[in-house]
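# Fold and contact review
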Amino acid sequence: MSESHFQFFDKINFPEDLRKVDVKDLRTVCAELREFLVDSVSRTGGHLGAGLGAIELAVALHYVFNTPEDKLVWDTGHQAYPHKLLTGRKDRFHTMRQLNGISGFLRRMESEYDVFGAGHASTAISAALGIATARDFAGKKFKVVAVVGDGSLTGGMAYEGMNNTGLLKKNMIVVLNDNQMVSLSAVNPTLWSFHNYFNEILTHPTYNKFKANVWELTGKLDSFGDRLRTVAHNVEKGLKAVITPGMLFEALGFRYFGPFNGHNVVKLVEVFRHVKDLTGPILIHTISEKGKGYAPAEQEATRLHGVTPFDKITGIAPKNPNAPPAYTTILGKALVEICKQNPKVVGITAAMPDGTGLVQLQKEMPERFFDVGIAEQHAVTFAAGMATEGYIPVAAIYSTFLQRAFDQIIHDVCIQNLNVVFVMDRGGLVGADGPTHHGAFDLSYLRCIPNMVVMAPKDEQELRDMLFTAIEYRKGPIAMRYPRGNVLGVPVRKEFQTIPIGTSESLRSGSDVAILAIGNMVPHALKAADLLSKDGISAEVVNMRFVKPLDDAVVKSLSSRIDNFVTVEDNTVYGGFGAAILESLQRQHIVNVAVKLHGIPDRFIDHGTPDELHKSLKLDPQGIADVTKEFLASREGKSAFELVAS
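Within any chain, residue numbers begin from 1 and follow the written order of that chain's sequence. Totals for whole chains, interfaces and linings use all residues, but because this is a predicted model, local features are given only for residues with pLDDT of at least 70 and pairs of side-chain atoms are given and counted only at 80 or more. As a rule here, side-chain values cover all heavy atoms of the structure and leave hydrogens and water aside.

## Some details on the overall build of the protein
A count of helical and extended segments in the protein gives 27 helices and 19 strands. For each residue, the accessible area found with a 1.4 Å probe, counting protein chains only, is set against the maximum for its type, and the residue is called buried under 20%, exposed over 50%, and partly exposed in between. Expressed as a percentage of the 646 residues in the protein, the buried residues total 59%. Any two residues whose heavy atoms approach within 4.5 Å are treated as being in contact. Restricting the contact set of the protein to residue pairs at least 6 apart, pairs at least 24 apart contribute 76%. Total accessible area computed for the protein in this model is approximately 26,200 Å², and 53% of it derives from carbon and sulfur atoms. In this text, helices come from DSSP runs of H or I with a minimum length of four residues, and strands from runs of E with a minimum of two, each type numbered from the N-terminal end. Shrake-Rupley sampling with a 1.4 Å probe provides the accessible areas, and residues are treated as covered by the protein chains on show and by no other component.

## Looking at the state of the cysteines
A covalent bond between the sulfur atoms of two cysteines is referred to as a disulfide. Whenever a pair of cysteine sulfur atoms sits within 2.5 Å, that pair is classed as a disulfide. Under the defined criterion, the tally for this structure stands at zero disulfides. The cysteine Cys414 is free of any disulfide, with Cys448 supplying the nearest cysteine sulfur at 9.3 Å. Taking the relative accessible area as the measure of exposure, Cys414 reaches 2% and is therefore buried.

## Here's the deal with the nonpolar core
Ranked by internal contacts, the top residues of the largest apolar core, which has 53 residues, are Leu61, Phe272 and Ile284. Setting aside residues no more than four positions away along its own chain, Ile284 makes contact with Ile173, Val174, Val175, Leu176, Phe257, Phe260, Val271, Phe272 and Val275. Here, nonpolar core means buried Ala, Val, Leu, Ile, Met, Phe, Trp, Tyr and Cys residues that are tied together by side-chain atoms lying within 4.5 Å of each other.

## Digging into the packing of helix H14 (residues 327-341) against helix H21 (residues 460-473)
Where H14 contacts H21, the axes come no closer than 10 Å and their chain directions differ by 40°. The two elements H14 and H21 cross, and the hand of that crossing is right-handed. Along its contact with H14, which presents Tyr327, Ile330, Leu331, Ala334, Leu335, Glu337, Ile338 and Gln341, the element H21 presents Glu460, Leu463, Arg464, Leu467, Phe468 and Ile471. Residues are grouped as follows: Ala, Val, Leu, Ile, Met, Phe, Trp, Tyr, Cys and Pro are nonpolar; Asp, Glu, Lys and Arg are charged; all remaining types, including Gly, are polar. Partitioned by chemical class, the residues of the contact of H14 with H21 number 10 nonpolar, one polar and three charged. Axis definition: a line fitted to C-alpha atoms, limited for helices to the stretch in contact. Angles are taken between N-to-C directions and run from 0 to 180 degrees. Crossing handedness is read from the near helix: turned anticlockwise from the far helix by less than a right angle, it gives a left-handed crossing, and turned clockwise, a right-handed one.

## Some details on helix H26 (residues 621-635)
By this rule, a helix spans an expected 1.5 Å times one less than how many residues it contains. End to end, H26 covers 21 Å across 15 residues, agreeing with the expected 21 Å (1.5 Å per residue, within 8%). All of the buried residues along H26 are Pro621, Gly623, Ile624, Ala625, Val627, Thr628, Lys629, Phe631, Leu632 and Ala633. Looking one or two residues past H26, Gly637 carries a phi angle of roughly 70°, positive in sign.

## Examining helix H7 (residues 156-168)
Over its 13 residues, H7 extends 19 Å from the first C-alpha to the last, a length consistent with the 18 Å expected when each residue adds 1.5 Å. What H7 keeps buried is the set Ala158, Gly161, Met162, Thr165 and Gly166. Looking straight down H7, one finds its buried side chains confined to an arc of 130°; they lie on one side. Exposed residues on H7 whose side chains face more than 90 degrees from its buried face are Glu160 and Leu167. Just downstream of H7, Lys169 is the residue with a positive phi angle, here 55°. This arc corresponds to the set of directions leading from the helix axis out to the C-beta atoms.

## Brief notes about the pairing of strand E15 (residues 513-517)
The buried fraction of E15 is high, at five of five residues. Residues Val513, Ile515 and Ala517 of E15 are buried on one face, and the alternating residues Ala514 and Leu516, pointing to the opposite face, are buried as well. By the bridge criterion, five bridges tie E15 to strand E16 (residues 539-543) in an arrangement that is parallel. In the sheet register, Ala514 faces E16, and the bridge partner there is Glu540. At least two bridges found by DSSP between two strands is the condition for calling them paired.

## Examining the pattern of salt bridges
A pair is scored as a salt bridge if a Lys or Arg side-chain nitrogen falls within 4 Å of a carboxyl oxygen belonging to Asp or Glu. Counted according to the given criterion, the structure contains 33 salt bridges. Put simply, Arg43 and Asp39 hold a salt bridge, and the shortest N to O gap is 3.5 Å. With Arg43 and Asp39 both in helix H2 (residues 26-44), this residue pair falls four residues apart, about one helical turn. Asp39 sits in the buried class, given a relative accessible area of 10%. The residue Lys143 makes a salt bridge to Asp277 at a minimum N-O spacing of 3.0 Å.

## Let's talk about the environment of Val64
Relative to the helices and strands, Val64 is located in helix H4 (residues 55-64). Owing to a relative accessible area of 9%, Val64 belongs among the buried residues under this scheme. Ignoring any residue separated from it by four or fewer positions in sequence, one finds Val64 in contact with Val269, Phe272, Arg273 and Lys276.

## Section: the packing of aromatic side chains
Pairing of aromatic side chains requires ring centres within 6.5 Å, counting the rings of Phe and Tyr and the six-membered ring of Trp. Pairs whose planes differ by under 30 degrees are stacked, by over 60 edge-to-face, and all others tilted. Following the criterion strictly, the structure yields 13 aromatic pairs and no others. Seen in terms of ring centroids, Tyr81 and Phe93 are 5.7 Å apart; in terms of plane orientation they differ by 85°. Their pairing is edge-to-face. Pair noted here: Tyr81 is in helix H5 (residues 81-85) and Phe93 is in the loop between H5 and helix H6 (124-138), with a separation of 12 residues, a long-range link. Across the pair, Phe93 and Tyr81 agree in class, each one buried. Here the aromatic residues Phe6, Phe9, Phe36, Tyr81 and Phe93 are joined through ring pairs into a cluster of three or more. Should the NZ of a Lys or the CZ of an Arg lie within 6 Å of a ring centre and within 35 degrees of the ring normal, that charge is described as sitting over the ring. Above the ring of Phe9, the side-chain terminus of Lys90 is found at 4.6 Å from the ring centroid.

## Describing the sheet that holds strand E4 (residues 172-178)
Taken together, the five strands give an open sheet; going across it, the order is E2-E3-E4-E6-E5, and neighbouring strands pair in parallel fashion. Strands at the two margins of the open sheet, each flanked by one partner only, are strand E2 (71-74) and strand E5 (255-261). If you compare each strand with its neighbour and ignore which way they point, the axes differ by 20° on average. Sheet topology note: the E4/strand E6 (residues 281-287) ladder contains seven bridges and is parallel. Looking across to E6, one finds that Asp178 is bridged to Ile287. With respect to the sheet, H4 is in contact with E2, strand E3 (144-149) and E4, its orientation differing from that of E2 by roughly 160°.

## Details of the pairing of E3
Among the six residues of E3, six are classified as buried, and the element is accordingly described as predominantly covered. Burial of E3 is two-sided: the residues Val144, Ala146 and Val148 facing one way and the residues Val145, Val147 and Gly149 facing the other way are all buried. Relative to E3, E2 runs parallel, the two being bridged by four bridges. Within E3, the residue paired with Leu72 across the bridge is Val145. Pairing analysis gives five bridges linking E3 to E4, with the strands arranged parallel. By the bridge assignment for E4, Ala146 is matched with Val174. Look down the strands so they point away from you; if going from the first strand over the helix to the second traces a clockwise path, that crossover is right-handed. Each parallel crossover has a hand, and for E3 linked through H7 to E4 it is right-handed.

Have a look at this one:
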């Protein structure tokens, strides 16, 4: 990609370069940055719409504040692509979200400008307050700015942070980047209760015109004008209490300024210069448009929020017409079918109806669908409340996002043994979004909770049956995880069948080693067994299906015939499925079996495609075969080569 046609952006690699540009030329800088961003993301894929809507904001912030000495804390890192381009990563931007490339989110190890890592929402205010408090302890003078989206304010942690900031009265600025889209829903992206307030009242010019006129008039009246300004300020406070978000933000201890046009970069520079040296908590409210400046993203903000490589002219990504559907599509259709059969079933998601497949329920049966915003903790307790009244809530939440509601799962659902169905999309290694989004821990963090049932399907047919099984279970909480991506393309029957809780199935018989696999690792294990058979190794493959309760009977039966087990999971090996097998052996006093645990190691896995990551961790078929051979060889005191040769 040639950049030589850019008048200013070619010369901007770091914020100090940006600050050399005359303020009147910042509009051109923003236009060039926008062109670069669209061109680059169209080639690599990534998050597009949020970054396009935050370009002027990023430029103004880095122009006014002395970053990295001043600390800029971004919430929901996908809005920070312009920030990355302005902070030394322009030349590496083409590696975004690729193996060994730069991250699609904020990452402290990547840049000193990435003050606080962020792969999810509602954290920036709390982090910024911590930084400001540490600054004051150290006697330093740098500024602290938190940038949050309106979606972040659907999460309770944002209000916890604001409340504590107001109490501590720390010098810090919160910028509310309000793009009026708080859910990644193509049907209803605006869920925030404040939006009606903002749209119908705050965008009306009367309030801001009153304020501007009073300040302009009294500024010409010397000391008498100062007294008038005091009166006007009190009037303004009264108006804020009635017609602005000041009623909330100022009650929390913030001085509120806005709303301002988030795409008027010159005005934003003026505002930030005005407030940067004010004391106490400040909130700047800007109104922006997701996808600003790129017509396809403006028209289809949800579709172009996160994208694969696409045609820059049309905004459309090429698709393989013969590709099987995504797991989310299968899940969404199955849930609609079940809801039509069972009036007690409802669907709940946390701002991700399209990403979890629940958008189909939202379209066909909107009265049975609930999108609570970016509020996973609320989603879980909301589901628990419905369950107390005999309804069967299906809480469809990404695995890595459900982690945020761990306490609610324990306290509000499991202790009360309520029949909440947890459906975890993105179980396992998800790919380009990296460690903040890999669902690497759900089997472990759910398995340890009393009353919880945990299962994972090997394919789309089993996914349908497991969803049906979970809804028919009705004895307490039950969870199912499934991977991101397309299904295997196996035949799918129309009717549902229940799967007996805690039962497995043997898919291939063998005598030398038993490969016990769970979820999307089952097809890999079967292919690994084929590879092993070519080396004369007979491997039995068992689809365990349930991590909890585990099929103790099959573990015992296998141990009577085979004394080598290999467990395979797309989850951390610490406390996961393999650990459950070890516990089963111990529980049944079986001592003749040696077990190799194979899964995600005890470290955070970087970004890359799922295939690349599985290969690097030896979780692909060849890797599983190699690990199995090495294990068997070690058992006989031989090398893997000697084992095969013999």
